[in-house]
Amino acid sequence: MKRNGETAFQRCIIPSCGWTGGIREVVNKCPRCGELVDVAYEWEKMPLPARLADFDARAADFRNPLNFSGVWRFKPLLDFAPDADVVTIGEGRTLLRPSVSAAEFAGMRPGNLFLQYEGLNPSGSFKDNGMTAAFTHARMVGARIAACASTGNTSSSLAAYAAASGMMKAVVFVGAGRIAGGKLYQGLEYGARTVQIRGRFDTAMRRVMEVTALKGIYLVNSVNPFRLEGQKTIMYRVLEGLNWDVPDWIVCPGGNLGNCSSFGKAFMELRDLGMVGRVPRLAVVNAEGARTLDIVYNERKVRWNGGRPDAEGIAAYFKKMDAEGIEAHTIASAIEINRPVNLKKALRALEAMNGTVLSVSDQEILDAKAAIGRSGIGCEPASAASVAGLRRLVERGVVSGSDRVVCILTGHLLKSPAGCIQYHLGGKGGPGKELAEYGIARNPLANPTVEVDDDLDAILKAMDDV
Ligand code: F0G
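Conventions and cut-offs
- Residues numbered from 1 in each chain as written.
- Predicted model: local features only at pLDDT ≥ 70, side-chain atom pairs only at ≥ 80, totals over all residues.
- Heavy atoms only, no water.
- Buried < 20%, exposed > 50% of the residue type's maximum accessible area, 1.4 Å probe, protein only.
- Near = heavy atom within 4 Å.
- Polar contact = N/O pair within 3.5 Å; in protein donor to acceptor, adjacent residues only side chain to side chain.
- 1 Å grid on protein atoms, 1.4 Å probe; cavity = no way out; pocket = protein on both sides within 12 Å on 5 of 7 lines; lining within 4 Å.
- Sits in = over half its atoms within 2 Å of the grid points.
- Helix = DSSP H or I, 4+ residues; strand = E, 2+ residues; numbered from the N terminus.
- Nonpolar A, V, L, I, M, F, W, Y, C, P; charged D, E, K, R; others polar.
- Pairing = 2+ DSSP bridges.
- Axes fitted to C-alpha atoms, helices over the stretch in contact; angles between N-to-C directions.
- Contact = heavy atoms within 4.5 Å.
- Core = buried A, V, L, I, M, F, W, Y, C linked by side-chain atoms within 4.5 Å.
- Domains from an automatic or database assignment.
- Buried area = accessible area lost by both parts, 1.4 Å probe.
- Salt bridge = Lys/Arg side-chain N within 4 Å of Asp/Glu carboxyl O.
- Points joined across faces, edges and corners; volume = space filled by probe spheres on them.
- Parallel < 35°, antiparallel > 145°, perpendicular 65-115°, else oblique.
- Left-handed = near helix turned anticlockwise from the far one by under 90°.
- Patch = residues over 30% accessible without salt bridge, like charges linked within 9 Å, V, L, I, M, F, W, Y side chains within 5 Å.
- Areas by Shrake-Rupley, 256 points an atom, 1.4 Å probe, with all protein chains shown as cover.
- Lys, Arg positive; Asp, Glu negative; His and termini not counted.
- Charge placed at Lys NZ, Arg CZ, Asp CG, Glu CD.
- Expected span 1.5 Å × (residues − 1).

Novice: I'm lost on unusual backbone geometry in this one. Help?
Specialist: With the exception of glycine, most residues fall at negative phi, and the peptide bonds are largely trans. Positive phi, normally seen in glycine, also occurs at Trp244, with a value near 70°. Among the residues examined, Trp244 registers a relative accessible area of 15% and is labelled buried. A positive phi is found at Leu257, a non-glycine position, where the angle reads about 70°.

Structure below.
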């Protein structure tokens, strides 16, 4: 139910359904048709800055916790909550940085490739942008327990917010053995009840939907529309980092497809509000071992189609995956997902941003990751899919070397060093057995260690070429 004075509400993403609900309702799917829902605003009743550059004053006011947060300093563009309900732990203070080494790797002109480094967030990934918004809504509705299914970053973020805010208990469902050590460790350290389900992410996702509905637990996966409101701000910060100039391309990895969906929503809204003159193009990059969006978009040609996506086409592909026992498998475990829950919103984003979808191999991902690292920016494998995808797009002539491109680096290097460290340690002979499982046989950007006797001459020799 809508309360007097509230200018935000919820609505079904399918225009022909037309369901709307109050901002304090907890719905993870449309109560009328079962599709995803959006947070929407009566913009004309809301005080908005005249230009995006007017947000600069808020960035300078960092002693105010709402403006310290890289999410809430854009509050006028996601104003669904009273200030007093905002739950923030200093998320979104992230940077846009040019990277010469990644530009060279991708075939871009140096200075034209920027990396939006979301690994700088409190729990080490972009998820904190969304979690602060979900927790804010959870506070508005008085929730006591929050849960998610996760490949590890959503769960780390949930666990951190639950513990830091002291507001809620956290339960996380993960695929047993399918989560990087650093991420599992975060959830344990922050005190979340961690349920390892014998299965993969998609199993955990199905179960968490079932369990949260059964027990009335607050679900913070990205089917929760408030998550995506927070993640929109990544795009605002990209624009801020470019002095409010719109880039030509945004490139991001695709897993459960919440992030790319939120980018599409950010730009649809900015365009409708007349705050940007044009919208960048979007490239969503899957790992080859988890390429559902790539197949649905490029092979099955499913499109948003102005709000009438081919739901049967998608369902038919999911059925085929089940029938053939296709299981996602990639070193980028963060995006090892078969059934992305935000698929339809992602299709909408691709339409709004004249997007493209592609897949890259695990070999390309680790090579790209090492190239990014040479700029002093450490990201996890899933993040590097963006730069690996960009290289392919440049090779194909879809992106020109002189375009201005922003790749979103979603998570920190230290989240999942196991395995990846072998890329370097394997030495000249290749990365070794552990990575062979993922088809990674080469390590052209390896930086192996040098082991020497405890002898001054030997030590100096090992440093000869530095
Ligand atoms: N990069 C990283 C580091 C991620 O953790 C994820 C998703 C993605 C990219 C993909 O983003 O799902 O919005 O398309 N991780 C989720 C999790 C699934 O459970 O942490 P998406």
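Novice: Would you mind showing me how to read the site of the ligand here?
Specialist: Neighbouring the ligand are 20 residues; Ser150, Asn153, Asn256, Leu257 and Thr410 lie closest to it. One of the side-chain nitrogen or oxygen atoms of Ser150 is found 2.7 Å away from an oxygen atom of the ligand. In the model, an oxygen atom of the ligand is placed 2.8 Å from a nitrogen or oxygen of the Gly255 main chain. Taken atom by atom, the bulk of the ligand overlaps the largest cavity. For the shell around the ligand, the secondary-structure elements that each account for two or more residues are helix H5 (153-165) and helix H9 (258-272). Residues belonging to the shell around the ligand are distributed by class as follows: 7 nonpolar, 11 polar and 2 charged.

Novice: Hey, could you run me through the sheet that holds strand S12 (residues 356-360) in this one?
Specialist: The strands that make up a sheet pair up through hydrogen bonds in the backbone, lying either parallel or antiparallel. Judged by pairing direction, the sheet is mixed, and its 6 strands sit side by side in the order S4-S5-S13-S10-S11-S12 without closing on themselves. Where the open sheet ends on each side, the last strands, each with one partner, are strand S4 (95-98) and S12. Within this sheet the neighbouring strands show an average axis-to-axis angle of 25°, counted without direction. Looking at chain direction, S4 and strand S5 (residues 113-117) are connected through 4 bridges and run antiparallel. When the sheet's bridge partners are listed, Pro98 is paired in S5 with Phe114.

Novice: Mind showing me how you'd approach the side chain of Lys127 here?
Specialist: Tracing the chain through its elements places Lys127 in helix H4 (residues 127-141). Leaving out residues up to four positions away in the same chain, Lys127 has contacts with Asn153, Thr154, Ser157 and Arg227.

Novice: How should I be thinking about the nonpolar core in this particular structure?
Specialist: The nonpolar side chains of a soluble globular protein tend to be buried, and buried together. Grouped together as the largest cluster of nonpolar side chains are 103 residues, with contacts concentrated most on Phe80 and Leu282. Shared between two domains, this core takes at least three residues from each, and those domains are domain 1 (1-42) and domain 2 (95-123 + 227-418). Apart from residues no more than four positions distant in its own chain, Leu282 is found in contact with Trp249, Ile250, Cys252, Cys260, Phe263, Ala349, Leu350, Met353, Asn354, Gly355 and Thr356. The next biggest cluster of nonpolar side chains, apart from the first, holds 43 residues, and it includes Ile377, Leu393, Val405 and Cys420.

Novice: Explain the domain arrangement of the protein chain to me, please; I cannot follow it from the model alone.
Specialist: The accessible area lost on association of the parts is a frequent measure of interface size. Looking at the protein chain, the domain boundaries give domain 1 (1-42) and domain 2 (95-123 + 227-418). Summarising the inter-unit geometry, the C-alpha centres of domain 1 and domain 2 are found 27 Å apart. Summed over both sides, the interface of domain 1 with domain 2 buries roughly 830 Å², with 54% coming from carbon and sulfur. Considering only the surface of domain 1 that becomes buried against domain 2, Ile13, Leu36 and Asp38 emerge as the three largest contributors, covering 46% of it. Here domain 1 is connected to domain 2 by 3 salt bridges. Ionic pairing is found between Lys345 and Asp38, a salt bridge with its closest N-O pair at 3.6 Å. Our count for the domain 1 to domain 2 interface comes out at 5 residue pairs in polar contact (both at pLDDT 80 or more).

Novice: Looking at this structure, how should I read empty space enclosed by the protein?
Specialist: Any empty space left between the atoms is revealed when a probe the size of a water molecule rolls over them. In the structure shown here, the tally under the stated rule is 3 cavities of 30 Å³ or more. Lining the largest cavity are 26 residues; nearest its centre among them are Phe126, Lys127, Gly255, Asn256 and Ala334. Every element with two or more residues in the lining of the largest cavity is listed here: strand S6 (145-150), H5, helix H8 (225-241) and H9. Top element by residues in the lining of the largest cavity is H9. It accounts for 3 residues. For the lining of the largest cavity, the class distribution of residues is 10 nonpolar, 13 polar and 3 charged.

Novice: Got a minute to help me understand the packing of H9 against helix H12 (residues 343-352) in this structure?
Specialist: Geometry of a packed helix pair, given as the angle between the helix axes and the separation of the axes. For the pair H9 and H12, the least separation of the axes is 8 Å and the interaxial angle reads 45°. Classified by the interaxial angle, the pair formed by H9 and H12 is oblique. Here H9 and H12 pass one another in a crossing that is left-handed. When H9 is examined against H12, the residues Cys260, Ser261, Gly264, Lys265, Met268 and Arg271 are found in contact with a partner set consisting of Lys345, Ala346, Arg348, Ala349 and Ala352. Of the residues that constitute the contact of H9 with H12, the class distribution is 5 nonpolar, 2 polar and 4 charged.

Novice: Please clarify how a negative patch on the surface should be interpreted in this entry.
Specialist: A contiguous patch of negative charge, built from Glu451, Asp453, Asp454, Asp455 and Asp457, is present on the exposed surface. Within the secondary structure, Asp454 is located in the loop between helix H16 (433-436) and helix H17 (456-462).

Novice: I tried to follow H4 on my own but got confused; where do I start?
Specialist: The terminal C-alpha atoms of H4 lie 21 Å apart, and with 15 residues this matches the ideal 21 Å at 1.5 Å per residue to within 8%. With respect to burial, H4 is a largely interior element, 13 of its 15 residues being buried. Where H4 ends, the next residue or the one after it, Gly142, has phi of about 70°, a positive value.

Novice: Please clarify how the environment of Arg391 should be interpreted in this entry.
Specialist: Among the secondary structure elements, Arg391 is positioned in helix H14 (residues 381-395). Along the backbone, Arg391 and Ala106 are 285 residues apart, and their C-alpha atoms lie at a distance of 4.0 Å. Residues within four places of Arg391 in sequence aside, it is in contact with Phe105 and Ala106.

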